[in-house]
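Read off the chains here:
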Amino acid sequence: MEMRICLLAGDGIGPEIIEQGVRVLEAVAAKFGHDMEFTDALIGGAAIDETGSPLPQDTIDACKAADAVMLGAVGGPKWDELTGAARPESGLLGIRKALGLFANLRPATLFPELASACFLRPDIVAKGIDVMVVRELTGGIYFGQPVGDEMRDGVRTAYNTMVYDENEVRRIARIAFEAARKRSGRVCSVDKANVLAVSRLWREVVTQVHAEEYSDVELSHMYVDNAAMQLVRDPSQFDVIVTGNLFGDILSDEAAVITGSIGMLPSASLGADGPGLFEPIHGSAPDIVGQNKANPLATILSAAMMLRHSFNLEKEAAAIESAVQQVLKAGYRTGDIMEKGCTLVGCNTMGNLVTERI
Ligand code: NAD
């Protein structure tokens with residue numbers, strides 16, 4: 001298969017971890033006979049320094065011309081004085097918007113080898129954690145109109161609007177059901193239908209999409225307050241969780257933090273068509289930049305997500321995930337996941353170890 005991949009290395013540890021992701025992808029291409037073409041484009045602080053804008057038009061064009069986009073991280077103390085649209089982070093929001101990415105997929109997987117980093121009790125961890133949170137990214141209360149801040153009867157009052165139309169719910173539901181078909185085949189839709197009208201529509205539409213198109217997938221519904229509790233009580237009950245923007249923001253962070261390893265967690269953002277964006281969930285880690293200390297595994301696992309979700313290459317994605325697991329099993333760790341009895345390695349060596357096992 002021919003794949004054109006646009007690389008947005010960004011700032012801080014971004015270039016270091018992207019380099020390792022590319023090496024692993026090149027090993028996959030060689031082993032499975034694919035043709036991968038990589039192009040680089042500027043984003044974030046690096047783009048500000050070079051062009052004055054955190055998201056130059058050239059970068060948008062390069063991303064649109066590609067089949068998939070891989071991003072390192074953006075931001076850092078050098079650009080902290082900037083505000084609003086001038087900030088590096090606005091490049092990230094801008095590219096998501098330009099590519100029409102409305103679905104954010106965040107798996108929270110605990111490799112058994114890293115169980116001791118998990119914040120939950122060992123008997124809960126023993127049952128395994130492998131949850132994928134599918135969050136709606138472009139609608140809901142973060143974007144709903146009207147928004148305001150005004151005086152009402154002499155009292156300062158502010159409001160936002162949580163709004164979804166049936167098309168927005170339908171398309172995110174499809175992404176979740178498709179993701180479940182590539183996993184354990186279970187979707188839990190999370191809402192607040194006992195209180196919110198918008199959630200009642202959400203639940204109705206998800207149920208309808210399921211009945212009409214995805215009856216092979218198991219569907220359940222859960223209120224968001226219960227879901228927040230169940231995620232720490234027994235995360236093993238979940239496969240795919242699909243939910244709106246606000247609930248997804250909170251639940252995806254909750255699911256991530258219980259694994260205890262921010263340097264291990266990948267993510268994908270998908271649109272209706274056009275390239276998806278694949279990136280680690282962590283930031284640019286300015287405190288360890290240039291020291292060969294960054295953990296590249298979240299980026300490497302993002303590359304696996306890219307192969308699975310943008311190119312439908314399940315065997316190739318699984319080869320990366322299995323290589324990562326073998327390296328962990330052999331006892332190699334970067335500083336952020338280091339534990340007693342393991343071998344400390346740097347970013348480059350970690351990339352080598354995974355590449356060798358592809
Ligand atoms: P951060 O994720 O960069 O770092 C938090 C802590 O985790 C730091 O101690 C860091 O060293 C460590 N860490 C993160 N990733 C690591 C990795 N791969 N390997 C080893 N250790 C790792 O979050 P922060 O410190 O809050 O933010 C730093 C900068 O990153 C800010 O400018 C912020 O705006 C930006 N940021 C960007 C993104 C993104 O690009 N998607 C996300 C979050 C934060």
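In case you missed it, the structure is sitting above this.
This one's a predicted model, so the numbers in the text were calculated from it and none came from an experiment.

K.L.:
Please explain the pattern of salt bridges as it appears in this structure.
P.N.:
Side-chain pairing between opposite charges can occur once the charged atoms of the two side chains come close. The tally for this structure, following the rule as stated, stands at 22 salt bridges. Note that D191 and R203 form a salt bridge whose closest N and O atoms lie 2.9 Å from each other. Residue D191 is found in strand β8 (residues 186–191), and its partner R203 is found in helix α7 (residues 197–213); the two are separated by 12 residues along the sequence. The salt bridge partner of K192 is D225, with a shortest N-O separation of 3.1 Å. Placement of the pair is K192 in the loop between β8 and α7 and D225 in helix α8 (residues 224–233), with a sequence separation of 33 residues. Residues participating in the shared-partner salt-bridge network are D80, R87 and E89.

K.L.:
Help me understand the side chain of T59 in this model?
P.N.:
If you trace the backbone, T59 turns up in helix α3 (residues 57–64). Contacts of T59, omitting those with residues within four sequence positions, involve L8, A41 and L42.

K.L.:
Sorry if this is basic, but what is going on with the sheet that holds strand β10 (residues 240–243) here?
P.N.:
Here 10 strands make up an open sheet; going across it, the order is β2-β1-β3-β12-β11-β4-β5-β10-β8-β9 and the pairing mixed. Looking at strand neighbours, the two that pair on one side only are β2 (35–40) and β9 (218–223), the edges of this open sheet. Strand-to-strand twist in this sheet, taken as the mean axis angle between neighbours without regard to direction, amounts to 25°. In terms of strand pairing, β8 meets β9 through 6 bridges, oriented parallel. Across the sheet, residue D191 finds its bridge partner in β9, namely Y223. Strand contacts of α7: β5 (130–136), β8, β9 and β10, with the helix running at about 170° to β9, the strand carrying the most contacts.

K.L.:
Hey, could you run me through the pairing of β5 in this one?
P.N.:
Each regular strand displays side chains that alternate between the two surfaces of the sheet. Counting buried positions along β5 yields 6 of 7 residues, so the element is predominantly enclosed. As defined by bridge partners, strand β4 (residues 103–109) adjoins β5 across 7 bridges and the pair is classed as antiparallel. By the bridge assignment, N104 is partnered in β5 with R135. In this structure, β5 lies alongside β10, joined through 4 bridges in parallel fashion. Within β10, the residue paired with V134 across the bridge is V242.

What counts and how
Residues numbered from 1 in each chain as written. Predicted model: local features only at pLDDT ≥ 70, side-chain atom pairs only at ≥ 80, totals over all residues. Heavy atoms only, no water. Salt bridge = Lys/Arg side-chain N within 4 Å of Asp/Glu carboxyl O. Helix = DSSP H or I, 4+ residues; strand = E, 2+ residues; numbered from the N terminus. Contact = heavy atoms within 4.5 Å. Pairing = 2+ DSSP bridges. Axes fitted to C-alpha atoms, helices over the stretch in contact; angles between N-to-C directions. Buried < 20%, exposed > 50% of the residue type's maximum accessible area, 1.4 Å probe, protein only.

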